[in-house]
Amino acid sequence: MSGLLDRLFGLSGLRFGAEGVSLDLAHPIPAWGWALIALAGIGIASWSYWRLTGARWARALLAAGRALLLLLLVLLIAGPRLTRPNERIEKDWVLVLVDRSASMSIPDAPGGVRRTREAQLRDILSSLSPALGSLGDERTVVWLGFDGGAYDLKTTAGAPDLAPPTGRRTSLASALDQALQRAAARPVSGVVVLSDGRSIDEPSRAALRRLQADHIPVHTIALGSPVAVADLAIVAAEAPRIAYVNDTVPIQVRIESLGDAGTPPDATVQLVDKATGGVLAEQAIDPASWSAGVARVVLTTKPGVPGAPTWLVRVVPARPDLIGANDTAEVHVELVDRPIRVAYFDGYPRWEQRYLKNLLLREKSISSASLLLASNRRYLHEGDIPLAGPPRSPEEWASFDVIIMGDVPAGMFSREQLEQIKDHVAVRGAGLLWVGGPGSTPGSWRGTPLADLLPFSMPTGDDRGLRAWEEPVTTLRADAAERLGVLQLAEGNGWPAGLTDPQTGWSQLRWAQRIDPRTVKPTAEVLAWAVPVSGAATPEPGPPGAPPAGAAPLVLTMSYGAGRIIYVATDEIWRWRYARGEALPERFWLPLIRLQGRQRLARSSRAAILEASPRRAEVGQTVRVWLEMVDQALVDSAGRAEGLGVRATRVDADPGQPEAPTTLRLLPEHGDGGADAPSRLFSTLWLPPQAGRYRLEPIDPVLAGLGLATDAEIALSDDELRHPETNHPLLERLSSETGGRVIAPDQAAHLTELLPRRELHIAGTPDIEPLWDKPVVLAALIILLTAEWVGRRVIKLS
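Quick caveat, the model's predicted, so the values are computed rather than measured. (Residues numbered from 1 in each chain as written. Predicted model: local features only at pLDDT ≥ 70, side-chain atom pairs only at ≥ 80, totals over all residues. Heavy atoms only, no water.)

**Q** Mind laying out the pairing of strand E31 (residues 623–629), listing which residues take part and the relevant values?
**A** Within E31, 6 of the 7 residues are buried, which leaves it mostly tucked inside the rest of the structure. Pairing geometry for strand E29 (residues 608–613) and E31, over 6 bridges, is antiparallel. Paired with Leu-610 across the strands is Leu-627, a residue of E31. Both E31 and strand E34 (residues 681–686) contribute to a ladder of 6 bridges, which runs antiparallel. Pairing of Leu-627 across the sheet is with Phe-682, part of E34. (Buried < 20%, exposed > 50% of the residue type's maximum accessible area, 1.4 Å probe, protein only. Helix = DSSP H or I, 4+ residues; strand = E, 2+ residues; numbered from the N terminus. Pairing = 2+ DSSP bridges.)

**Q** I'd like a description of the packing of aromatic side chains, backed by residues and values.
**A** Per the counting criterion, the structure on display carries 10 aromatic pairs. Taken together, a centroid distance of 6.1 Å and an interplanar angle of 40 degrees make the contact between Phe-413 and Trp-445 tilted. With Phe-413 in the loop between strand E23 (402–405) and helix H9 (415–426) and Trp-445 in the loop between strand E24 (431–435) and strand E25 (473–477), the pair connects residues that are 32 residues apart, well separated along the chain. Residue classification places Phe-413 among the buried residues on the basis of a relative accessible area of 5%. Three or more aromatic residues joined by ring pairs make a cluster, and in this case those are Phe-345, Trp-397, Phe-413, Trp-434 and Trp-445. The residue whose ring lies beneath Arg-341 is Phe-400, and the NZ or CZ to ring-centre distance is 6.0 Å. (Phe/Tyr/Trp six-rings, centres within 6.5 Å; stacked < 30°, edge-to-face > 60°. Lys NZ or Arg CZ within 6 Å of the ring centre and 35° of its normal.)

**Q** I'd like a rundown of the pairing of strand E4 (residues 93–99), residues and numbers included.
**A** The two faces of a sheet get side chains in turn, since along a regular strand they alternate between them. E4 sits mainly inside the fold: 7 of its 7 residues count as buried. The alternating pattern of E4 places Trp-93, Leu-95, Leu-97 and Asp-99 on one face and Val-94, Val-96 and Val-98 on the opposite face, and all of these are buried. As paired strands, E4 and strand E9 (residues 188–195) are joined by 6 bridges and run parallel to one another. Note on E9: the bridge partner recorded for Val-98 is Leu-194.

**Q** Describe the pattern of salt bridges, listing the residues and the values that go with them.
**A** What the rule picks out here adds up to 33 salt bridges. Asp-214 serves as the salt-bridge partner of Arg-210, at 3.5 Å between the closest nitrogen and oxygen. (Salt bridge = Lys/Arg side-chain N within 4 Å of Asp/Glu carboxyl O.)

**Q** For a nonpolar patch on the surface, give the residues involved together with the corresponding values.
**A** A grouping of Trp-32, Leu-36 and Leu-39 is seen on the molecular surface, where their side chains present a nonpolar patch of about 390 Å² in accessible area. Position of Leu-36 among the secondary structure elements: in helix H2 (residues 31–50). (Patch = residues over 30% accessible without salt bridge, like charges linked within 9 Å, V, L, I, M, F, W, Y side chains within 5 Å. Areas by Shrake-Rupley, 256 points an atom, 1.4 Å probe, with all protein chains shown as cover.)

**Q** I'd like to hear about the nonpolar core, residue by residue, with values.
**A** Residues Ile-404, Met-405, Trp-445 and Trp-589 are the most contacted members of the largest nonpolar core, which totals 88 residues. The element best represented in this core is helix H13 (residues 583–604), accounting for 9 residues. In this structure Trp-589 touches Glu-352, Tyr-355, Leu-356, Leu-359, Leu-433, Val-435, Val-568 and Ile-573, once residues within four positions along its chain are discounted. By size, the runner-up hydrophobic cluster in this structure holds 26 residues, among which are Val-245, Val-297, Trp-311 and Val-331. (Core = buried A, V, L, I, M, F, W, Y, C linked by side-chain atoms within 4.5 Å. Contact = heavy atoms within 4.5 Å.)

**Q** Summarise the environment of Gly-443; cite the residues concerned and give the values.
**A** Relative to the elements of secondary structure, Gly-443 occurs in the loop between E24 and E25. Owing to a relative accessible area of 29%, Gly-443 belongs among the partly exposed residues under this scheme. Separated by 36 residues in the primary sequence, Gly-443 and Asp-407 place their C-alpha atoms 9.7 Å from one another.

Pasting the structure below:
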């Protein structure tokens, strides 16, 4: 039948009976309207033939034909047509956010021994694959990975292709905002978040309001352990850049205990030679050293071979550790095999002078010149470095790494010589070791150029800090000594208890200067305390790290320019020989001298020094980059430059996405010579753009060939692996505030049941085929008119 109608109307586009095609009117008339029209048509047709002559049946037939004609005309005016609506269905979207940060590699997921969160995630995706596959036929599933932000994930057969998780930070708020922007103006039936909840921020109120207003639920699947698991991490490991062979090299290690805040974990810290794997030093972490989740350990080793080894610092927990990647750190040290050159000046042959002179003579790692003041302002010389008197030029002073100034009057040196010593310490990094005495040190040095190189102040007319103790004192090591690797007098780098016990007798120092702690300069540190015998017998408890009541500084240190100052306020260390022979005095003096020699060594072997401070910083933290010229010839040739260029290159960047290096411009810092004098020091402040390891090298031709370089390690303050614990409550709040649900990992397959249908039916312009203008319609009208005319002729009405 439909085919016959199609042929009658000559239809080629829309056809009767086709799918979605309907017959309707361009000007619809309600049913009651058609009823009235039908009655009116019948009435008009009947009235027109009511009074005419002729057979009644003939007039009735003609009236019916006219009524039909009238109805047909009204139908044509209403506009009969074929219509097919063009409706488009837009599928609703399901946004699936998959955590790709480095915390996914943490092995704390339930369901297996050291099962990682990443393994848990992949198992969940495997269980979701059938459901999401069928879901993809009806909806648009958008897979997004996220760490610091959201990005598209490649998919195969509807499942995401996951690369190893490497993001160093997670921002759930940014990821959610970017996902919603991606789905702007789209129907979204829900958001699914698979994460451990670790994030530097929470979703913004604006994002939550949009989710609530659009009725978009966020369903979360929490990964990892809901209970924080303990983890030890090496936060920092620092060692001297350069040291002597057979020197005691200290490595300062800072360790954090993350996660479980229970009892401090048992662990050992080791120093390992990376090339051989041999353990150079190890130390168990003292439970008492933990404070606010942080412990500090100082490892010491005595390398016997020159070179530039790479050492590994590693923490070895007694129980399995959560993250192995943060258990190690590299340190680099340059080892030099040459003796430390020492110049020792003293005013008279006291016991300490005799012992210290002989110690310098017999120590193979030291070359020395010891000058003892004699009559007629002459000096008696002993040592393997010939020296008739105090050096008189900067070049002569430059041959010494450490200067020991005993109880010698300041007047034995000219002001020019004192200025040369001061410059030698400040510029060339030499060490100045003071050994106080009852005669001239430090009293005679007040008002001289070297008064600035004392770690305490001596105002004119004030003798505070120069008085001697009225009773014997014992010695107590301070925390700073352990950090610097000095005063490690006991076996195992500890502190002999007998040195603090006055009952031993030999531990008592009969004479020592009583330095008022209030006069100690702000930058000075106490290495050892003098404790009076009366106070040592009945010590008063104090806070951890604080000195005993009544104690005063005995050994002080401070930095001055490029050099290091040490002041020893007694000349009775020799008395410790009564306990163990030479062991205790040697362990006291030699590390102090080597500590000062290391700083001098770091400068004497280079024409210039390039440094970044701090070498380990965080993104957003300012780093001072400075270059100091040590060689005067270099100062003369390059010191008048308006600026020096240093290139900062990230050495751990992805080879497939290399980063352009940053060029820093170091500006001159003019000293006392004014702006017209050549500058020895150039510096700038650098704000590293992102985390990573950077290599800094000068690019100016005069400096590029000197092999100058330094490294800086920049870390994120919110680095994923520094805080490995999960944050499941964040995911619960997100689901609760958006009308979603927290789905247990083993119930993930039922996720599709929670997603409402949100597809949109969008109506377009319909396809229309009018029927009133077809030839068959005209033919029908002509047939009806002709039939009526013929009928009227037959019954003789026309």
